[in-house]
Amino acid sequence: MGNQSRALEDDWNAHWHHYADSATQNPAQLMRHSLIAQLLAEDCGVERMRVFDFGSGQGDLLHRLDALFPEAELAAAELSESGVAISRRKVPRARVLAADIFNPPPTLEEFSGWATHGVCSEVLEHVDDPVAFLSCARKYMAENARLIVTVPGGPVSSFDKHIGHRQYFDRQKIGAILEQAGYRLERTYLAGFPFFNLYRLVVIARGKRLALDVESQGGGTFTRAAAVAMKVFRALFRANFRDSPFGWQVVATARKSAS
């Protein structure tokens, strides 16, 4: 990969050891997955979906899509072997590969031109060259396949930096990245106002203490007080706007352009 991405420098196996449980309970992740599911549902029934998750983490999105779209074929590439192992246990029918798409293994070749839909959720902030990452992802998508991207916007917290976030995004930035990578932009959304923004402000206020608190619990579980707070935010997030000028969750949809 060279200097295209510093993702290999991150210890993702250790990351999922520390954060797998907390990520699963995280209301922000649940909100993102709900948005992705809504966008995929727009195409449900038009054709049999083949969904490829680029950077699938520990498989929470795959698990949700497995339940919502039982007829869809599911595949994923994830850098972390521990994340792959967790994903395979959660969704046995999904084909989840331990793979760096900058240096793809031979096992990834069978997915060339495979996906009718691609998802890249909360990945691009971890790489130095998002354009190069999405350009590599094109190989595994059929012509005119739809790509759904989520990336963080708004202010950056100490916790975000702790877990390897390199950059944040806005409408213009993610749109330009997608077009440079060979996609036709359909739409961008600024989701999450007002309660996701409030949640982010809480994370910012906690600062580095949040990372210490999560890691001290072992396996990324929450304290009882934090678990209650997460439950409250999960309820509040139902009232978030899907799109507004003020949302701090950036979502974009695009189509793979002709080669």
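How each quantity is defined
- Residues numbered from 1 in each chain as written.
- Predicted model: local features only at pLDDT ≥ 70, side-chain atom pairs only at ≥ 80, totals over all residues.
- Heavy atoms only, no water.
- Helix = DSSP H or I, 4+ residues; strand = E, 2+ residues; numbered from the N terminus.
- Buried < 20%, exposed > 50% of the residue type's maximum accessible area, 1.4 Å probe, protein only.
- Contact = heavy atoms within 4.5 Å.
- Pairing = 2+ DSSP bridges.
- Right-handed = clockwise from strand over helix to strand, strands pointing away.
- Axes fitted to C-alpha atoms, helices over the stretch in contact; angles between N-to-C directions.
- Parallel < 35°, antiparallel > 145°, perpendicular 65-115°, else oblique.
- Left-handed = near helix turned anticlockwise from the far one by under 90°.
- Nonpolar A, V, L, I, M, F, W, Y, C, P; charged D, E, K, R; others polar.
- Patch = residues over 30% accessible without salt bridge, like charges linked within 9 Å, V, L, I, M, F, W, Y side chains within 5 Å.
- Areas by Shrake-Rupley, 256 points an atom, 1.4 Å probe, with all protein chains shown as cover.
- Salt bridge = Lys/Arg side-chain N within 4 Å of Asp/Glu carboxyl O.
- pLDDT = per-residue confidence, 0-100.
- Core = buried A, V, L, I, M, F, W, Y, C linked by side-chain atoms within 4.5 Å.

On to the overall build of the chain, then. Looking only at helices and strands, the chain features ten helices and seven strands. A burial count over the chain gives 54% of its 259 residues as buried. Taking all contacts inside the chain whose residues are at least 6 apart in sequence as the whole, residues at least 24 apart take part in 80%.

Moving on, we get to the pairing of strand β4 (residues 115-121). It is a general feature of regular strands that their side chains alternate between the two faces of the sheet. With respect to burial, β4 is a largely interior element, seven of its seven residues being buried. The pairing of strand β1 (residues 50-54) with β4 spans three bridges and is classified as parallel. The partner of V51 across the bridge, within β4, is H117. Both β4 and strand β5 (residues 141-152) contribute to a ladder of six bridges, which runs parallel. Its bridge partner lying in β5, S121 is registered against T150. For the crossover that starts at β4, traverses helix α5 (residues 130-138) and ends in the parallel β5, the hand is right-handed.

This brings us to the packing of helix α8 (residues 195-206) against helix α10 (residues 224-236). It is the contact of α8 with α10, at a shortest axis distance of 9 Å, that shows an interaxial angle of 155 degrees. Taken together, the axis directions place α8 and α10 in an arrangement best described as roughly antiparallel. The chirality of how α8 crosses α10 is left-handed. Along the contact surface, α8 presents F195, L198, Y199 and V202, while α10 presents M230, F233 and L236. In terms of residue class, the contact of α8 with α10 is made up of seven nonpolar, no polar and no charged.

A separate point is a nonpolar patch on the surface. Nonpolar side chains collect at one region of the surface, where L198, L201 and V202 lie side by side and expose about 240 Å² of accessible area between them. For V202, the position within the fold is in helix α8. Taking relative accessible area as the criterion, V202 reaches 39% and is therefore assigned partly exposed.

Residues shown with low pLDDT carry predicted positions that ought not to be read at fine detail. In the predicted model, the chain carries a mean pLDDT of 88, and the fraction of residues at 70 or more is 85%. Across residues 1-9, where pLDDT falls below 50, the model places 20 contacts with residues more than four positions away in sequence or in other chains.

This part covers the nonpolar core. Formed by 38 residues in total, the largest nonpolar core has its most connected members in F52, L124, F133, L134, I174, L178 and Y183. Of all the secondary structure elements, the ones that give two or more residues to this core are β1, β2 (73-78), β4, α5, β5, α7 (171-180), β6 (183-191) and β7 (249-256). In terms of residue count, β5 provides more of this core than any other element does, six residues in total. Beyond its immediate stretch of four places on either side in the chain, Y183 contacts L134, A137, R138, M141, L147, L178, A254, R255, K256 and S257. Within the second largest apolar cluster, 32 residues are counted, among which are L35, A72, A94 and V203.

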